[in-house]
Amino acid sequence: MNAGEGPGARIARPSFFKGWSARALEKYGFKWATPDGALVFLVCLLMALKRLLFLDYDLNYEEGKEIECVLRILDGKLIYRDFFWQYGPLSPYVIALLFKVTGLSSVLVPRLMVTVVAVLTTFYSYRVARFYLPPGWAFWAALMSSSGLAAREGTYGHGFAYLGMIASFYHLISFFKKEFDFRQLVYSGSFAFLAMLGKPVIFGAGAMMCGAGAIWLGRAVSPDRTFDTRRALWCFLSAALLPSLAVFGYLLAKSGFQVLSFSLFPMSSGTVQINDFYLKKIFPPLPHLPLASWIGEMNKYLVDDLRWWTIVLAFMGGAFYVAGKCRKGNGNLADHFFLILLLVYSLLVESETVIWVKRPITFYINMLATYVLLAMFFKWAMDRFRMVNLVRAAALSMCVFYFFYPPIRLGVYHWAHDEPLELKYAETVKAPPYTARAYRTIARYVQEKTPPGEPILYADYDGFIYLFSERPTLFPEDFAIMVRASFNRYNFRYPKPFFDSVEEKIVERVESRPPALILIPTRSLDKESVAKSIFLRYLVENWRREATLNGDMEPGPFDKGELKVAVFKSKGPSGTDSKNENF
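Residues numbered from 1 in each chain as written. Predicted model: local features only at pLDDT ≥ 70, side-chain atom pairs only at ≥ 80, totals over all residues. Heavy atoms only, no water.

### Considerations on the overall build of the protein
From N to C terminus, the protein includes 22 helices and 6 strands. Out of the 583 residues belonging to the protein, those deemed buried represent 56%. For the protein, the computed accessible surface area is about 26,600 Å², with 63% contributed by carbon and sulfur atoms. (Helix = DSSP H or I, 4+ residues; strand = E, 2+ residues; numbered from the N terminus. Buried < 20%, exposed > 50% of the residue type's maximum accessible area, 1.4 Å probe, protein only. Areas by Shrake-Rupley, 256 points an atom, 1.4 Å probe, with all protein chains shown as cover.)

The structure is reproduced here in C-alpha cells:
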C-alpha cells in the first residue's frame, strides 16, 4: 500500500529560513512554512486549548488518590514498598518534584503537567500519521486521536504511557525511512522506557516487545535491508531495557517480588474485573419514545460501543487487506511492512480497551492507529468510488461529535452552573453545585467532629474525602483496599474467600486502631450488601450511625457520582446505643 509522502521527504527551504536555528529545526523535521508546519501547529493548539479550557473545572477520583500518593512520597515514603500504587512510578514522582519546586500543592499543577504531555502526544500523533497519509488526512487522524486525551484524567500515568508508545513508534518508523539512522532507535528505545515508567504492564513492556519485534521483522521479511540487526537491537534495547531493569530492579530489591507484582498486575491486586464473554452493541438503538431516553442511549452507543467496534473493525480490515494482497501474489510482507507495524501498534495502544470490553470507553484513550487506518479507508473510498461528499460529511461529523461537541457542551454547563470548591488542594477548582456543596459538607462535618491528626475511614474509592477534610486515612499504605471489598459497586467477579480476606483485614485494623469516624456511601448499605459483607455486618453491629450527609441533594447531569454518605462513630465500651439503625 502506498504510504503517502512522509514527513522526512525533502522539500525546498524557503528563503526566509536562515541561520542555525532554522537549519536545526528542519533537521528534526519541523518545516513551518509548509502545510505540515501549519497543520501540526494547529492540531497541537486545539489540543492545548481543549485541555486548558477545563484546567480548573471538575474533579476526578483518580486525581485524589494520586495526590495522596504524592504526599506520601514527599513524606519520605517509597512507592510500592510503603504504599500501594498500580501504575508506573513516573507520574507521582514528577508531580512530587513539581510540588517541591513550585511550593504549590494544588491539583492544577499535575493538570498542567498532563496538558504538556497531551500536546506532545498530539504532535507525535500527527507526525506518525504523516508517514501514511497526506497532510489533511493526517490532521484529521491526529485531531480525532487527541479527542480521547482530554476526556478524563487530570493526572495519571496513562498520559506518559501514550506519549512513550506513540513517540517510540514514530522514531522506529523513522529508522527505516531515514536511511537506517541508528540514533532514531536510541530515541525510540528512550520513549519505550518512558512508557515503561508510566505504565509498565501492557504498555511499557508491549512497547519494548513491539520495537524489538519490528527491528527483527524488518530484516527478516526483506533480507536485502542493509543494517546490522544486532547493532539495531542493541541501540533500541540499551535505551529501553537497561534503564528499565535498573529502575525496577531497585524497586524490586526494596519491595520484594510479591509486593511489586501485586502492585503492577491489577488482576492479582483485585482492582480490575475480568469479563465473561461479552461484546458491545454493533448497531445503534432504534428510535423509541420517550425521545430523551433514546438520545441518551444513542450518545452512549456513539461514545462507547461504536468506538470499540471502530478499533476492532479497523484492525480486522487492515489485516484482511494484507493477507489478501499476499495471497493473490500482489506483494509479500516486505511490501506491507509499514502497514503491519501500524496494525501491531494499534493492538498495543488499544490493548486495554479491547481486552476489558465491559469497561466504558470514557477512559484515557488515543486510537491513533485506528484513525489512520480509517483515514486510509476513507481516502480509498473517495478515489475508488468517488464518494467525496459522503466521506467528507462522515469525517467532519466525527470531528464535531468527538472533538468539538464535548467541550462545548461541558463548557456551557460549567460556565453557567459551577462554583468554586474552596477546599485544600482545589481552592480555585470549580465543580457543579452538587459536587461542590457535598464535598464542603463532608469536609466541614469531619473537621468539626474530629481532632486534627486523627485518622478517618471512607469506605469507598475517593481520596478527596481525606484531602479536603485534612485528616489521615486509616490505610495510608493502600488507597485501594475498599475497591477490593464485596460492597464496592465495581467489584463483582472475585470469589467470596477473596472478599472475606480483605474485609477481615479491614475489621482487624478498625478494631486495633479505631478511626475517629467511618464514612460510607449510603448505596452500599442495602440489605443484600450487608448480608454478604463481613465488614458491613461488623459496622452496623458495633458502630453507631451518627448522621447522614447530603441526603437532601440530588446529583446533576455532570456530577461524577453520588456523595450521600452515612457517618458512623464508635459506640464505646458499652456496646449499645439506641441510635443504631436497622438496615
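Once the structure has been displayed, the description carries forward.
### Describing the pattern of salt bridges
Applying the stated criterion across every chain, the model contains 19 salt bridges. With its nearest N and O atoms 2.5 Å apart, the salt bridge here joins aspartate 36 to arginine 130. Highlighted residues: aspartate 36 in helix 2 (residues 35-53) and arginine 130 in the loop between helix 5 (108-129) and helix 6 (135-146), separated in sequence by 94 residues. Neither aspartate 36 nor arginine 130 differs from the other in exposure class; each is buried. As a salt-bridge pair, aspartate 460 and arginine 523 come within 3.3 Å of each other at their nearest N and O atoms. Here aspartate 460 is found in the loop between strand 3 (457-458) and helix 19 (464-469), whereas its partner arginine 523 is found in the loop between strand 4 (518-521) and helix 21 (527-532), with 63 residues between them in sequence. Given a relative accessible area of 8%, aspartate 460 falls into the buried group. For arginine 523, a relative accessible area of 29% gives the class partly exposed. If you follow the salt bridges from partner to partner, you end up with Lys280, Lys300, Asp304 and Asp305 in one network. (Salt bridge = Lys/Arg side-chain N within 4 Å of Asp/Glu carboxyl O.)

### Looking at the sheet that holds strand 3
As summarised here, the arrangement of the 4 strands in space is 3-4-6-5, forming an open sheet in which the pairing is mixed. Edge strands, defined here as strands with exactly one partner in the open sheet, are strand 3 and strand 5 (543-549). The pairing of strand 3 with strand 4 spans 2 bridges and is parallel. Paired with leucine 457 across the bridge in strand 4 is isoleucine 518. Packing of helix 18 (residues 433-449) onto the sheet brings it into contact with strand 4, strand 5 and strand 6 (565-570), and relative to strand 5 it is tilted by some 140 degrees. (Pairing = 2+ DSSP bridges. Contact = heavy atoms within 4.5 Å. Axes fitted to C-alpha atoms, helices over the stretch in contact; angles between N-to-C directions.)

### Here we look at the pairing of strand 5
Summarising burial for strand 5: 5 of the 7 residues are buried, a large majority. Pairing of strand 5 with strand 6 involves 6 bridges; the strand directions are antiparallel. Looking across to strand 6, one finds that arginine 545 is bridged to phenylalanine 568.

### Things to note about the nonpolar core
The biggest cluster of nonpolar side chains holds 186 residues, and the ones touching the most others in it are Tyr132, Leu133, Trp140, Leu421, Tyr439, Leu457 and Phe535. Per element, the largest residue contribution to this core is 13 residues, and it comes from helix 7 (residues 158-177). (Core = buried A, V, L, I, M, F, W, Y, C linked by side-chain atoms within 4.5 Å.)

### Observations regarding helix 17 (residues 388-417)
For helix 17, with 30 residues, the first-to-last C-alpha span of 42 Å sits near the 44 Å given by 1.5 Å per residue. Residue tyrosine 405 marks the point of greatest curvature in helix 17, where the axis turns by about 45 degrees; the proline proline 406 follows within four residues. (Expected span 1.5 Å × (residues − 1). Bend = angle between axes of the 7 residues up to and from the residue.)

### Comments concerning helix 2
If you check helix 2, its first and last C-alpha atoms are 26 Å apart, about what 19 residues at 1.5 Å a residue would give, namely 27 Å. The complete set of buried residues in helix 2 reads Asp36, Gly37, Leu39, Val40, Val43, Cys44, Leu46, Met47, Ala48, Lys50 and Arg51. On its buried side, helix 2 packs onto helix 5, helix 6 and helix 17.

### With respect to the side chain of glutamate 62
Within the secondary structure, glutamate 62 sits in helix 3 (residues 61-74). Polar contacts involving the side chain of glutamate 62 include one to the side chain of tyrosine 461, which spans 3.0 Å. (Polar contact = N/O pair within 3.5 Å; in protein donor to acceptor, adjacent residues only side chain to side chain.)

### Structural notes on the environment of glycine 204
Summarising the element assignment, glycine 204 is placed in helix 9 (residues 200-220). Taking the C-alpha atoms as reference points, glycine 204 and phenylalanine 191, separated by 13 residues in sequence, lie 9.4 Å from one another. Not counting residues within four places of it along the chain, the set of residues in contact with glycine 204 comprises Ala192, Ala195, Met196 and Lys199.

### Some points on the confidence of the model for the protein
For the protein, the mean per-residue pLDDT works out to 87, and 87% of the residues sit at or above 70. In the model, residues 1-25 has pLDDT below 50 throughout and makes 33 contacts with residues more than four positions away in sequence or in other chains. This model gives residues 574-583 a pLDDT under 50, and the stretch forms 15 contacts once residues within four places in sequence are excluded. (pLDDT = per-residue confidence, 0-100.)

### Points about the environment of aspartate 526
By secondary structure assignment, the location of aspartate 526 is in the loop between strand 4 and helix 21. Separated by 10 residues in the primary sequence, aspartate 526 and leucine 536 place their C-alpha atoms 9.9 Å from one another. Of the polar contacts made by the side chain of aspartate 526, one reaches the side chain of serine 529; its length is 2.9 Å.

### Here's the deal with unusual backbone geometry
For the peptide bond that leads from leucine 289 to proline 290, omega is -5 degrees, which places it in the cis range. Inspection of the secondary structure puts proline 290 in the loop between helix 12 (266-269) and helix 13 (291-327). Its identity as a non-glycine residue notwithstanding, isoleucine 202 has a phi of 75 degrees, on the positive side. Relative to the helices and strands, isoleucine 202 resides in helix 9.

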